[in-house]
Amino acid sequence: MPPPPKNIAICQTCGARIETTASGDLGCLACYLRAGLGGAADPSPIEVPDSLGIYRIERHEDGAPWILGQGAMGVTYRAHDASLNRPVALKLIDADFARFSSMARERFMREARAAASLRHPNVATVYQLGIDEETGQCFCAMELIEGETLEDCVRRSGPLPAQKVREIARQIAGALVVAEKNGVIHRDLKPANIMITESDGPDEIAIKIIDFGLAKALGETSDWRSLTDGGFIGTPAFASPEQLARSPVDVRSDIYSLGATLWFLLTAQLPFGETAPARPPVAQLKAARVPASFISLLVAMLAPESAARPAAAEIAAKLEAVPRHRARTAFVIIGLAIAALVVGYFFSRARPVSPPFAGVPSKSLAVLPFQNLSDENGGANFTEGVQDELLTKLARIADLKVVSRSSVMQYGKGKARDLRSIARELGVAFIVEGAVRVVGQKVRISAQLVDARTNLYRWAQSYDRPVDDIFAIQSEIAQTIAEQLNAKIAPPEKAAIEQTPTHDLAAFALSVQANILLGEISSSPRGKEKLLQAAQLLAEAVARDPNFLSAWCRLASAHDSLYSLGFDRTSTRLSLAESAVNTALRLQPNAGEAHLARARHLYQGYLAYDAALGELTIARDTLPNHPGIFALAGEIYRQQGKWDQSAQEFENAISLAPRDIYLLKETSLSYELLHRYRDAATLLDRALLIKPDNSNLRLERGLIDLKWHANTRPLHAVIASILAKDPGAASDIAGVWSLLAFCERDRATIDRAIAALGDGSYGPGSLQLRRIFWEGFAARIRGDTAAAARAFKAARAEQERKVVSAPDFGPALSVLGLIDAGLGRKEDAIREGRRAAEMLPLSRDPINGAHTIEFLANIYAWSGEPALACDQLDIVAKVPGTLSYGELKLSPMWDDLRRRPRFKRIVASLAPGVSQ
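Residues numbered from 1 in each chain as written. Predicted model: local features only at pLDDT ≥ 70, side-chain atom pairs only at ≥ 80, totals over all residues. Heavy atoms only, no water.

## Focus on the overall build of the protein chain
Turning to step 1, where the next piece is worked out: The secondary structure content of the protein chain amounts to 38 helices and 22 strands.
Turning to step 2, where the next piece is worked out: A burial count over the protein chain gives 53% of its 916 residues as buried.
Turning to step 3, where the next piece is worked out: Carbon and sulfur atoms provide 52% of the accessible area of the protein chain, an area that totals close to 40600 Å². (Helix = DSSP H or I, 4+ residues; strand = E, 2+ residues; numbered from the N terminus. Buried < 20%, exposed > 50% of the residue type's maximum accessible area, 1.4 Å probe, protein only. Areas by Shrake-Rupley, 256 points an atom, 1.4 Å probe, with all protein chains shown as cover.)

## A few points about the packing of helix α35 (residues 846-862) against helix α36 (residues 866-877)
Turning to step 1, where the next piece is worked out: Look at α35 against α36: their axes get within 7 Å of each other, and the N-to-C directions meet at 160 degrees. With respect to each other, α35 and α36 are oriented roughly antiparallel. For the pair α35 and α36, the crossing hand works out as left-handed. Where α35 abuts α36, its residues Ala-850, Ile-853, Leu-856, Ala-857, Tyr-860 and Ala-861 lie against Pro-866, Leu-868, Ala-869, Gln-872, Leu-873, Ile-875 and Val-876.
Turning to step 2, where the next piece is worked out: In terms of residue class, the contact of α35 with α36 is built from twelve nonpolar, one polar and no charged. (Axes fitted to C-alpha atoms, helices over the stretch in contact; angles between N-to-C directions. Parallel < 35°, antiparallel > 145°, perpendicular 65-115°, else oblique. Left-handed = near helix turned anticlockwise from the far one by under 90°. Contact = heavy atoms within 4.5 Å. Nonpolar A, V, L, I, M, F, W, Y, C, P; charged D, E, K, R; others polar.)

## Some points on the pairing of strand β18 (residues 430-439)
Turning to step 1, where the next piece is worked out: The buried count for β18 comes to eight of ten residues, which makes it a mostly enclosed element.
Turning to step 2, where the next piece is worked out: Note: strand β15 (residues 364-367) against β18, three bridges, orientation parallel. Across the sheet, residue Val-367 finds its bridge partner in β18, namely Val-432.
Turning to step 3, where the next piece is worked out: One ladder, built from ten bridges, connects β18 with strand β19 (residues 442-451); its direction is antiparallel. Counted as the bridge partner of Val-436 is Ile-445 from β19.
Turning to step 4, where the next piece is worked out: Connecting β18 to the antiparallel partner β19 that follows it, the hairpin turn spans two residues, and Gly-440 within it adopts a positive phi of roughly 60 degrees. (Pairing = 2+ DSSP bridges.)

## Things to note about the packing of helix α23 (residues 627-639) against helix α24 (residues 643-656)
Turning to step 1, where the next piece is worked out: At a closest axis distance of 8 Å, the pairing of α23 and α24 adopts a crossing angle of 160 degrees. One element, α23, and the other, α24, form an angle in the roughly antiparallel class. As for the relative orientation of α23 and α24, their crossing is left-handed in sense. Across from Pro-627, Phe-630, Ala-631, Ala-633, Gly-634, Glu-635, Tyr-637 and Arg-638 in α23, the residues of α24 making contact are Trp-643, Gln-645, Ser-646, Glu-649, Phe-650, Asn-652, Ala-653 and Leu-656.
Turning to step 2, where the next piece is worked out: Across the contact of α23 with α24, the residue classes break down as nine nonpolar, four polar and three charged.

## Points about helix α25 (residues 661-673)
Turning to step 1, where the next piece is worked out: For α25, with 13 residues, the first-to-last C-alpha span of 18 Å sits near the 18 Å given by 1.5 Å per residue.
Turning to step 2, where the next piece is worked out: Taken across its 13 residues, α25 has ten buried, putting it largely inside the fold.
Turning to step 3, where the next piece is worked out: Taken together, the buried positions of α25 are occupied by Ile-661, Leu-663, Leu-664, Glu-666, Thr-667, Ser-668, Ser-670, Tyr-671, Glu-672 and Leu-673.
Turning to step 4, where the next piece is worked out: Considering only its buried residues, α25 is in contact with α23, α24, α26 (677-690), α27 (695-709) and α35.
Turning to step 5, where the next piece is worked out: The residue sitting at the N-terminus of α25 and contributing the capping side-chain oxygen is Asp-660; that oxygen lies 2.9 Å from the backbone nitrogen of Tyr-662. (Expected span 1.5 Å × (residues − 1). Polar contact = N/O pair within 3.5 Å; in protein donor to acceptor, adjacent residues only side chain to side chain.)

## Brief notes about the side chain of Ser-364
Turning to step 1, where the next piece is worked out: Structurally, Ser-364 can be placed in strand β15.
Turning to step 2, where the next piece is worked out: From its side chain, Ser-364 meets the backbone oxygen of Pro-361 in a polar contact 2.5 Å long.
Turning to step 3, where the next piece is worked out: Filtering out sequence-adjacent residues up to four positions away, Ser-364 remains in contact with Lys-401, Gly-427, Val-428, Ala-429 and Phe-430.

## A few points about the confidence of the model for the protein chain
Low-confidence regions, as indicated by low pLDDT, have predicted coordinates that should not be scrutinised in detail.
Turning to step 1, where the next piece is worked out: Averaged over every residue, the pLDDT of the protein chain is 81; the share at 70 or more is 82%.
Turning to step 2, where the next piece is worked out: Between residues 1-46, whose pLDDT stays under 50, and residues either more than four places distant or in other chains, the model counts 66 contacts.
Turning to step 3, where the next piece is worked out: Per-residue pLDDT stays below 50 along residues 323-354; that stretch engages in 14 contacts with residues further than four places along the chain or on separate chains. (pLDDT = per-residue confidence, 0-100.)

## Digging into the packing of aromatic side chains
Turning to step 1, where the next piece is worked out: A full pass over the atoms with the stated rule returns twelve aromatic pairs.
Turning to step 2, where the next piece is worked out: Ring geometry for Phe-792 and Trp-862: centres 6.4 Å apart, planes at 50 degrees, overall tilted. A residue pair is termed long-range when its members are at least 10 positions apart, and Phe-792 in helix α32 (residues 785-805) and Trp-862 in helix α35 qualify at 70 residues.
Turning to step 3, where the next piece is worked out: Note on Trp-862: relative accessible area 8%, which makes it buried.
Turning to step 4, where the next piece is worked out: Linked through ring pairs, Phe-742, Phe-773, Trp-774, Phe-777, Phe-792 and Trp-862 together constitute an aromatic cluster. (Phe/Tyr/Trp six-rings, centres within 6.5 Å; stacked < 30°, edge-to-face > 60°.)

## Digging into the environment of Pro-466
Turning to step 1, where the next piece is worked out: Tracing the sequence through the fold places Pro-466 in strand β20 (residues 456-466).
Turning to step 2, where the next piece is worked out: Overall, Pro-466 belongs to the partly exposed group, its relative accessible area being 34%.
Turning to step 3, where the next piece is worked out: Here the alpha-carbon distance between Pro-466 and Val-439, two residues 27 residues apart in the chain, equals 9.7 Å.
Turning to step 4, where the next piece is worked out: When neighbours within four sequence positions are excluded, Pro-466 is seen to be in contact with Gln-441, Lys-442 and Val-443.

Put into structure tokens, the structure is as follows:
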């Protein structure tokens, strides 16, 4: 280990690495604070627990805890999250320190909350913060960054090239821009708090700022020094003059620290020594051949007066304008020549793990669709069932990361497979492939495990057995793969892997067919039809085998989806779901699948959010790799208005299903509801790279432009393209087509689009409006009052029946209120609209609750109460929801308010640049 560099020392009391002033008069902050708070100057050794809650601290072979870093208040360890089966960085505040100082505990919690508020690709994510109930110890679980700090990088290899430092600066500046918008500053930005990892290529780098541990919300009014008992926050060698003077700080202090950090990266020296000169020693930079423009920027960042330093956004803009890579022709030619000389040598050897797999867990895998080699009809479905069941068994092992079925199915059916590319896309190290051949009552299953990092086979085997032995074969394969990856299998996991789902192969085949249908729901406009077919198949499966647990769980899901999506919102359908769930729990009370089914039922059938989350907690124990658990939690948190928790759960789900179109769409929807249209568009663009011809995705992407910028052209082009390719698709896209036609006020297209709706409906969330309503609305904006009245009367009769059959369903009553407003039944309309909003308040359902408020605003507008309408729009415009700038600006639904100044102000408040 190299000796500590200048300005770095080892505390002789606690062993922590510390940065000192040039005169060496600032000791270890942790010991300084302990002494100031009455603690012993020579504290007893910190006892490291084996675990804190779900986090197990990892240890070296000699039993010593795996320390990632030490700081003023405690130590950061490498740990394992047993719940999500992932490594984390676990920061523990010194237990003695926490016990002696309530201020220290408060400081720790504030730091963690501030860090948790940040969401940026170049900032390490905070997963959880808390206090252990038994020890009272504060902890913070953070994203584990695999790489090295910039300090270690410079100590190891010397100064970095200017081009590389420029790219590092660009990434950090972008993060500071976002941090400033969130009212957060780092306070201790330095090379030791910045990690560097390899990205997609040998010349690509990714930067992560770690330990926003000294950050504090700018909006707080308390003195920033109060939490340290007068102590200094920061690292003197990289701290701004105002920090050293104990003066108030803002983001420009981080700019100064960034300037000092970049200087260190370029020169391996600090810009100031014992006495700070009036101007930084630019000769150091010139000697390092740093471009003049970059030198000027660094000097400005290190200005002694904070007001003279450039803003983060200004730095980011200057750095963004510079090309990130410049390759000179000579170097390219030399590189190619060298490559030609050595390619033969390397080609004869196993290829090493390449940078694209940096950070990929070594115990991660994807089970690709198996090849069907059977001649019999139905062989394809049988093969898919074999692959799915093997994947399910592997996914039960908490020590593995297993990518879900939804993200691997696109790699099947005769497509050429580039396993390295597939593994990179899925974020895994290993790929499982296989083939199935059924001949009469015999089956041959072949499987192989490939290390995608090297393209070498780790294991391969074929099994020739009677066909009713398929589940035993799958269990053998799953356990063998786990052994090959050195994955630990807990006894309950082993028992679950060895369990046979059913002894009736016909029931298994029915379940496989149903599962295929259920997997197509999110991407199909014929959702009701597919759900009914799946429910019928599953009912036949459980009739053949009443003990078929997974079939009962899927049957409950089909019934609940029919109910929650409004296809059959009757008590009979809900009772069928309830019966299936209860049967599953009776068969296996501890099965994760049964508790997941129960969670879906509680959420979709009763909006029982907390009870559903409780069931998901139980399900996680036995289904560690099930993205549906995280996705459902994300939906529930979204319905509760807990947006950050929702986003985290969706991110967890996407990590297990990185190419799941449904998850990408759902996460995009969350961003859309928050009016973060740019983020929503990014996710939809990512989904379109996977499914470029998916009509639903293309429509959603066009809708983003309409809602965000009131720009109908992209959506118009998408619809024209879809209809030109397949005129029969009109019924599938009729809802969005109608919205576009109304916004463009194209009467002929309005009539065509409404006609295409057929027996379908269109509207926001659960507030669905049938074709007859839209016919009435079209007549209303044409001024044909007689035709409008006829259509609205017919629509009312149909809607009234729905309200009678589901009197507690607020969205149905809200739709009835809007219809009555169209009929001029003012008192009835307002009463119904108000009652619907009371039945479904924002606190119970932020999404559909916002829709009912929006409909109430519409009811007031159509009933000649513009002030009351604007009151409601004021409410809904300030909360997450689908009310958008584009629809308010373009839709004739709001023409009754269009000339009102207050309405214009509301529209302007949602305009791009004000709300994103």
